[in-house]
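A structural walkthrough
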Amino acid sequence: MSTITAQQQQQQQQQPPPLSGLHVLELAGLAPGPFTGLLLADYGASVLRIDRPAGLHPSVPTPDNLTRRKSSLALSLKSTRGLALFLHLVASTDILLDPYRPGVLEKLGLSPSTLLRINPRLIIARLTGFRRDGRYKDMAGHDINYIALAGVLAMLGRKDSKPYAPANLIGDFAGGGMTCFVGVLLALIHRGVSGQGQVVEANMVDGAAYLASMPRFAVQGPMWNAARGENVLDGGCPWYDTYETKDGGFVAVGCLEEKFYDAFVRGLGVGDELVQERMNRKNWDGLRRIFTERFKEKTRAEWEAVFDGTDACVTPVLGFDEMKKRGHKMRPVVDLSLSPGLAMHTNEKGQGEGIEGGGFEAKGLVPGVGGEKVLRDWLGLEKGTHYVVADDGGYELRDGSENKAKL
Amino acid sequence: MAPLSTVRVIELAGLAPGPFAGMLLSDLGATVLRIDRPDPFAHTDQAVPTKDLLARGKSSIALDLKLNSSRVLLKSLLATVVDVLIDPFRPGVLESLDLAPNTLLAANPRLIIARLTGFRRDGKYSSRAGHDINYLGVSGVLSQLGRKDQPPYPPANLMGDFAGGGLACAFGILTALYTRAMDGKGQVVEVNMVDGVSYLATMMRLGLNVPMWDQPRGENYFDGGCPWYDVYECMDGRYMAVGAVEPKFFEELLKGLELDVEWLSRRSDRTQWAPLRAELQVAFRKKTREQWEDIFDHKDACCSPVIDIGELKSQAYDQRHLVHFSKTPGVTLGQNAGWNAQTLAPGNGGERTLKDWMGWQIGKDFEVENGALVKLISSNSKL
């Protein structure tokens, strides 16, 4: 039988991941830069992380855990021959990820204008925490500092308690890494038309602020004009919050619309006057008490049985461990019908066989792993002929190899 | 020139994530036409703006998609001049309106159809109603956020609606535009906020087996558990944000606060976190936020003010584009664009867009009927 299934047919029509063939140099950093590199790699680009030399036979991965599908090359940008090898790579690179503070690249003699002269098609994506101008530009900081300046942190947190930063999700990953990736895609689109690369700058202050456009606009209206923790979506509203269940689990309730709220109240099995007059904010404390007590009467699984299949906007709050145990499989952020990204798990969305550890475990990347293959694949460079390894483990271009290698 | 200045987008009206993707494309130069539901005042001066706060740069027409005469107008646009369709509906809705992706792609193989849902399009929640908090809940991310001994706390609707939803949708569209530039083919782009948010939390999830993240909610390094990564109240009731992760930055913090630098050697011992937090709390209360800013500005202590939106606005802080480009900057935003919502009434500006895109004119090619546009059959359109 040679029946072609619909799935096979679809696979036959599939094209490689959208960024296949692109070469990316990722200057090693932590969190946002590697996250941009991860997105590029998951959508098919060849990503080479540039690490500092870590000795002749390093065996320990760096702390970076966003290394899926990446290779590493150790080289010192401060050594002449290391820099020469780097510049050699730049000539064959589509995207350079610069996660350093303003001025660092320039100090290394790698200012964007120099790099663009070497390779006018190069897209230089520069990602900082603070803006590249203004009073904080040279200051060290982390996600919590960036979202604080964006006006975002002041909006988050429970009533009568200090602001609460949602880990490093909004700065490092949403307003930083993913935003930088968006910038790279736009520059790629432009390069397709003009043939020219350019400098793309993202910073987490503006990234976070842009993401918060709607909340910022909404503070002028009833949805968001109360103090922190007293609004509809920030934990103030009793039908948009999490509740503990009898077994110590949690459910998330988000029934904003009246018909969904009605379904919620029906499922909860409470229905007095207070519950009906939800729009009066004076009732919110009372409502919260009712909901809190009621949810404690059943386990999370029991509540799931009540609410699954209804439009009450009640879902369990699942832990990652639990999801893994249940066999949940992670997927690429965006599913493209014609040119999907690479799969994380076998037989899941995306193309390819998936990766070891799926979307739940990472091995990290040891400096130097896979780098020699990339040098061969990208540039046809061979160890000994074109490059050597210095005593500190740093890779260096051999004297006179500039001309031998196909620049 | 803005990078998407030749791109034409149709956004089926929704709230939050879909409009966010549309606004982002519009800010980057795309022309975005929002399709509103029928409204008695649509296409008149009396039309009232909808609740959508993210309508910057867009125009609107009202259509009754349940009516063939109205739907055919949309189909004409999608079959000819449109590059991107944003579908924010639950699975199956587009299909029930006879606008299935296959049909649309058959008519216009270059079309990019971006479909954005909250839950996955498959699995137990696929046809259920939900909001950001629910998507976060089943993504695994919400279980990680919140203070110790408190229920999980969602960061408003930032993670689902805007980051894992709207921004992810925009990047899907860009990826498809990039592919199309090479092979001429459009495709279906599917985004859901569960997978979007899960992906954003990759580092956290992959780190759950290392000391940074292996404790219960609210007791880890970045989730409020760690005293040098948190917010502190100052004398005047305002706040400073501390993110002094690296030892050298933490040392600067201690010096600035005039605390014992001995803490540096003890800080990794979690049993010391409570007393350290207590000392930091007392120290920060000794000065106003402004005084602390004077001390910590230009120091590498990772200590910065928590500024609220009202304050930023009163400082005339300039809101900027998401990304800055050296050659292809986004469209110029008005002075107040980052502060005040630009809303849009059904029908506003849309007739102009129809003229620009199709050369259509009211009375000749289309007509307003019961608060929605209908296509005139007799029209000599360039279909």
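One can find the structure itself at the top, above this paragraph.
What comes next is a walk through the structure. A quick note: this is a predicted structure, and the numbers were derived from the prediction, not measured.

All names here are of chain B. By the secondary structure assignment, Q291 is in helix 12 (residues 289–296). In this structure Q291 comes out as partly exposed when scored by relative accessible area, which is 37%. Considered as a pair, Q291 and C234 are 57 residues apart in the sequence and their alpha carbons are 9.4 Å apart.

Turning to the packing of aromatic side chains, a few remarks are in order. For any pair of aromatic rings, geometry is given as the distance between the ring centres together with the angle between the planes. As enumerated under the stated definition, the model contains 32 aromatic pairs over all chains in all. When the centroid spacing of 5.5 Å and the interplanar angle of 65 degrees are considered together, the rings of A:F35 and B:Y199 count as edge-to-face. With A:F35 in helix 2 (residues 32–42) and B:Y199 in helix 7 (residues 193–200), this pair bridges two chains. The pair A:F35 / B:Y199 is uniform in exposure class, with both members buried. By the ring-pair criterion, three or more aromatic residues cluster together here, those being A:W239, A:Y243, A:Y261, A:F264, A:W284, A:F291, A:F295, A:W303 and A:F307. Sitting over the ring of B:W228, B:R267 keeps its end group 4.2 Å from the ring centre. Directly above the ring of B:W292 sits B:K287, whose terminal nitrogen or CZ lies 5.2 Å from the centroid.

What follows is about a positive patch on the surface. Taken together, the side chains of A:R52, A:K78, A:K107 and B:K248 present a region of like positive charge at the surface. Secondary-structure assignment places A:R52 in the loop between strand 2 (46–51) and strand 3 (71–74).

Residue and element names in this part refer to chain B. Read from one edge of the open sheet, three strands run 7-8-9, paired in antiparallel fashion. Strands with a single pairing partner mark the edges of an open sheet, and in this sheet they are strand 7 (229–233) and strand 9 (303–305). Neighbour to neighbour, the strand axes of the sheet diverge by 25 degrees on average, direction disregarded. By the bridge criterion, five bridges tie strand 7 to strand 8 (residues 239–243) in an arrangement that is antiparallel. In the sheet register, Y232 faces strand 8, and the bridge partner there is M240.

What follows covers the interface of chain A and chain B. Many structure descriptions define interface size as the accessible area lost when the parts assemble. Opposite the 129 residues of chain A that make contact, chain B presents 130 residues. A combined buried area of about 11,300 Å² lies between chain A and chain B, and 63% of that area is made up of carbon and sulfur atoms. Looking at the side of chain A facing chain B, the largest losses of area belong to A:Y164, A:Y210 and A:F320, adding up to 8% of the total buried there. Among the salt bridges present, the one from B:R320 reaches A:D133, with a minimum N-O distance of 2.9 Å. The interface formed by chain A and chain B holds 57 residue pairs in polar contact (both at pLDDT 80 or more) in total. For the side of chain A that touches chain B, the element with the highest residue contribution is helix 7 (residues 169–194) of chain A, accounting for 15 residues. Residues that form the side of chain A that touches chain B fall into these classes: 74 nonpolar, 29 polar and 26 charged.

Turning our attention to helix 6 (residues 158–183) of chain B. Residue and element names in this part refer to chain B. Taking 1.5 Å per residue, 26 residues should reach 38 Å; helix 6 reaches 35 Å between its end C-alpha atoms and fits that length. At A168, helix 6 shows its maximal bend, which comes to roughly 30 degrees. Taken across its 26 residues, helix 6 has 23 buried, putting it largely inside the fold. G184 occupies a position one or two residues after helix 6 and carries a positive phi of about 75 degrees.

What follows concerns the sheet that holds strand 2 (residues 31–36) of chain B. Strand order in the open sheet made by the seven strands is 10(A)-6(B)-5(B)-4(B)-1(B)-2(B)-3(B), with mixed pairing throughout. Edge positions in the open sheet fall to strand 10 (334–336) of chain A together with strand 3 (59–62) of chain B, since each of these has one partner strand only. Strand-to-strand, the axes of this sheet are offset by a mean angle of 20 degrees, without reference to chain direction. Alignment of strand 1 (residues 8–12) of chain B against strand 4 (residues 84–87) of chain B, held across three bridges, turns out to be parallel. Following the sheet pairing, B:E11 is matched in strand 4 of chain B by B:I86.

Moving on to the environment of B:R56. On the secondary structure map, B:R56 appears in the loop between strand 2 and strand 3. B:R56 gets classed as buried once you look at its relative accessible area, which sits at 8%. On a C-alpha basis, the gap between B:R56 and B:E246 in space is 41 Å, while along the polypeptide they are 190 residues apart. The contact partners of B:R56, leaving out residues within four places of it in the chain, are A:Y210, A:F217, B:M23, B:S26, B:D27, B:L333, B:A337, B:G338 and B:Q342.

Let us now look at the pattern of salt bridges. According to the stated counting rule, one finds 58 salt bridges over all chains in the structure shown. Measuring nitrogen to oxygen at the nearest pair gives 2.2 Å for the salt bridge that ties A:R135 to B:D297. Residue A:R135 is found in the loop between strand 5 (123–128) and helix 6 (143–149), and its partner B:D297 is found in the loop between helix 12 and strand 9; the two belong to separate chains. A relative accessible area of 9% places B:D297 in the buried class. Here B:K124 and A:E304 are joined by a salt bridge, their closest N and O atoms 3.8 Å apart. Of this pair, B:K124 sits in the loop between strand 5 (112–117) and helix 5 (132–139) while A:E304 sits in helix 13 (residues 300–307), on two different chains. Through salt bridges with shared partners, a single ionic network connects A:R135, B:D236, B:R238, B:R289, B:E293, B:D297 and B:E311.

Before going further, it helps to spend a moment on the nonpolar core. Residues A:F264 and B:L253 are the most contacted members of the largest nonpolar core, which totals 197 residues. Apart from the residues lying within four places of it in its own chain, the contact partners of A:F264 are A:V253, A:C255, A:F291, A:F295, A:F307, A:A312 and A:V314. The next biggest cluster of nonpolar side chains, apart from the first, holds 30 residues, and it includes A:L25, A:W378, A:L379 and A:Y387.

Time to look at the pairing of strand 3 of chain B. All names here are of chain B. Because side chains alternate across strand 3, one face comprises the buried residues S59 and I61, and the other comprises S60 and A62, equally buried. By the bridge criterion, four bridges tie strand 2 to strand 3 in an arrangement that is parallel. Among the inter-strand pairings, R34 is bridged to a residue of strand 3, identified as S60.

A few words on the packing of helix 10 (residues 258–268) of chain A against helix 13 of chain A. All names here are of chain A. In the contact formed by helix 10 and helix 13, the axes pass within 10 Å of each other and the chain directions differ by 130 degrees. For the element pair helix 10 / helix 13, the angle class is oblique. For helix 10 against helix 13, the interelement crossing comes out right-handed. Contacts from A263, F264, G267 and L268 of helix 10 reach helix 13 at W303, V306 and F307. Its residues assigned to classes, the contact of helix 10 with helix 13 comprises six nonpolar, one polar and no charged.

Turning our attention to unusual backbone geometry. Residues and elements named next belong to chain A. Within the chain, A167 stands out as a residue other than glycine whose phi angle is a positive 50 degrees. Here A167 lies in the loop between helix 6 and helix 7. Accessibility expressed as a relative area gives 0% for A167, which makes it buried. For N347, which is not a glycine, the phi torsion comes out positive at approximately 55 degrees. Mapped onto the fold, N347 is located in the loop between strand 10 and helix 15 (371–379).

Moving on: the side chain of A:T128. Residues and elements named next belong to chain A. Following the sequence through the fold, T128 ends up in strand 5. Residue T128 is classed as buried on the basis of its relative accessible area, which comes to 5%. Separated by 2.8 Å, the side chain of T128 and the backbone oxygen of F130 make a polar contact. Each residue touching T128, except ones within four places of it in the same chain, is listed here: Y100, P102, A202, N203 and M204.

What counts as what
Residues numbered from 1 in each chain as written. Chains lettered and ligands numbered in written order. Predicted model: local features only at pLDDT ≥ 70, side-chain atom pairs only at ≥ 80, totals over all residues. Heavy atoms only, no water. Helix = DSSP H or I, 4+ residues; strand = E, 2+ residues; numbered from the N terminus. Buried < 20%, exposed > 50% of the residue type's maximum accessible area, 1.4 Å probe, protein only. Phe/Tyr/Trp six-rings, centres within 6.5 Å; stacked < 30°, edge-to-face > 60°. Lys NZ or Arg CZ within 6 Å of the ring centre and 35° of its normal. Patch = residues over 30% accessible without salt bridge, like charges linked within 9 Å, V, L, I, M, F, W, Y side chains within 5 Å. Areas by Shrake-Rupley, 256 points an atom, 1.4 Å probe, with all protein chains shown as cover. Salt bridge = Lys/Arg side-chain N within 4 Å of Asp/Glu carboxyl O. Lys, Arg positive; Asp, Glu negative; His and termini not counted. Charge placed at Lys NZ, Arg CZ, Asp CG, Glu CD. Pairing = 2+ DSSP bridges. Axes fitted to C-alpha atoms, helices over the stretch in contact; angles between N-to-C directions. Contact = heavy atoms within 4.5 Å. Buried area = accessible area lost by both parts, 1.4 Å probe. Polar contact = N/O pair within 3.5 Å; in protein donor to acceptor, adjacent residues only side chain to side chain. Nonpolar A, V, L, I, M, F, W, Y, C, P; charged D, E, K, R; others polar. Expected span 1.5 Å × (residues − 1). Bend = angle between axes of the 7 residues up to and from the residue. Core = buried A, V, L, I, M, F, W, Y, C linked by side-chain atoms within 4.5 Å. Parallel < 35°, antiparallel > 145°, perpendicular 65-115°, else oblique. Left-handed = near helix turned anticlockwise from the far one by under 90°.

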